[in-house]
Amino acid sequence: MNTGKKKKINWTPYCYLIPCMLVFAIFLFYPFFKTIYLSLFLTDRMGQAKIFVGMQNYIDLLTSESFRQSLQVTLIFVVIVVIGGMLLGLIAAVLCNKAFPGIRAFSTAYALPMAIASTSAAMIFQIMLHPTVGIVNKLTGLDINWLNDPDTALICVAILTAWLNSGINFLYFSAGLGNIDETIYERASVDGASSVQQFFSLTLPGLSPIMFYTLVVNIIQAFQSFGQINILTQGGPDGATNVIVYSIYRDAFFNYRFGSAAAQSVILFIIIMLVTLVMFRLEKKGVSY
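Residues numbered from 1 in each chain as written. Predicted model: local features only at pLDDT ≥ 70, side-chain atom pairs only at ≥ 80, totals over all residues. Heavy atoms only, no water.

Participant: Any details on the packing of helix α6 (residues 118–128) against helix α8 (residues 153–178)? Residues and values, ideally.
Facilitator: Taken N-terminus to C-terminus, the directions of α6 and α8 make an angle of 135°; their axes are 11 Å apart at the nearest point. On the basis of their axis angle, the class for α6 and α8 is oblique. As α6 runs across α8, the sense of the crossing is right-handed. Each of S118, A121, A122 and F125 in α6 lies in contact with α8, whose residues at this interface are C156, L160, W163 and L164. (Axes fitted to C-alpha atoms, helices over the stretch in contact; angles between N-to-C directions. Helix = DSSP H or I, 4+ residues; strand = E, 2+ residues; numbered from the N terminus. Parallel < 35°, antiparallel > 145°, perpendicular 65-115°, else oblique. Left-handed = near helix turned anticlockwise from the far one by under 90°. Contact = heavy atoms within 4.5 Å.)

Rendered as structure tokens:
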């Protein structure tokens with residue numbers, strides 16, 4: 001029976017969202033759309049849009065040899081950082097998964113990189129890799145200028161970034177290992193499975209959800225790495241570490257080409273979005289819940 005009364009909408013819950021939406025609007029939505037807007041213009045030295053050029057900034061970037069080199073450097077950097085950071089975190093989590101004396105001290109040490117600022121770690125790393133007084137050359141007996149050699153600079157910066165990311169990865173994997181039922185390992189041992197077989201047949205499948213999440217987070221973080229590159233190499237030598245984020249910074253604040261920098265920011269956003277979407281499409285094939 002229709003009583004003719006309309007259901008009243010309770011607006012109170014929506015009011016609680018207003019402060020959050022305001023923060024998002026000011027610090028996320030407005031900068032995002034302003035970046036897209038600026039990418040369509042030539043700007044003055046103050047970053048004000050002056051001449052509308054449409055897609056010309058994007059065309060200039062995609063036909064630029066330096067930008068294509070920056071893309072290649074970024075992809076290599078991301079691969080090294082993601083694989084290295086996840087391997088370090090996984091190995092540390094597996095080692096600390098068993099109870100033994102001093103486990104708390106080891107766990108704290110493995111998680112410590114997440115509490116260290118990238119700039120501080122970069123300054124320490126810079127001293128370690130110094131060609132004359134650095135401990136790396138003294139221990140290895142080599143005479144390599146690690147950060148000024150195009151063949152080693154990118155690898156050094158990537159290894160530092162992977163180590164910095166390994167701390168939070170260690171916590172993720174430790175949480176995932178804690179959720180795996182120990183009885184399955186007992187049954188596997190009774191059936192004669194070795195530790196290596198248990199790791200690949202039980203541990204890795206059990207960690208697949210957290211590994212997928214960690215992979216997505218690490219890829220996004222790797223694409224956004226900046227502080228350590230700015231301190232250690234400034235994009236050099238010869239563009240060997242000129243990842244897209246540093247290229248954006250250099251174009252905007254050194255060359256005052258804010259339109260080109262904005263276009264690079266949009267391209268970086270599209271790359272990260274496409275990579276994330278592809279990974280979520282592949283999630284069902286490689287993740288078992």
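Participant: Hey, could you go over α6 for me, with residue numbers and the actual values?
Facilitator: Listing the buried residues of α6 in full gives A121, A122 and F125. Seen from one end, α6 has its buried residues packed into an arc of 100°, which puts them on one side. Residues of α6 that are exposed and angled more than 90 degrees away from the buried face: I124 and I127. Where α6 is buried, its residues touch α8 and α11 (227–232). (Buried < 20%, exposed > 50% of the residue type's maximum accessible area, 1.4 Å probe, protein only. Arc of directions from axis to C-beta.)

Participant: Can you explain the packing of aromatic side chains? Please cite residues and give values.
Facilitator: Within the structure shown, the criterion is met by 17 aromatic pairs. Their ring planes at 45° and their centres at 4.7 Å tell us that Y37 and F41 sit as a pair that is tilted. Taking the relative accessible area as the measure of exposure, Y37 reaches 41% and is therefore partly exposed. Exposure remark for F41: the relative accessible area of 12% places this residue in the buried category. When the centroid spacing of 5.2 Å and the interplanar angle of 85° are considered together, the rings of F199 and F200 count as edge-to-face. A residue is classified by how much of its surface remains accessible, and F199, at 23% relative accessible area, is partly exposed. One aromatic cluster in this structure is built from F226, Y246, Y249, F253, F254 and F258. Over the ring of Y256 we find R45, and its NZ or CZ is 4.0 Å from the ring centre. (Phe/Tyr/Trp six-rings, centres within 6.5 Å; stacked < 30°, edge-to-face > 60°. Lys NZ or Arg CZ within 6 Å of the ring centre and 35° of its normal.)

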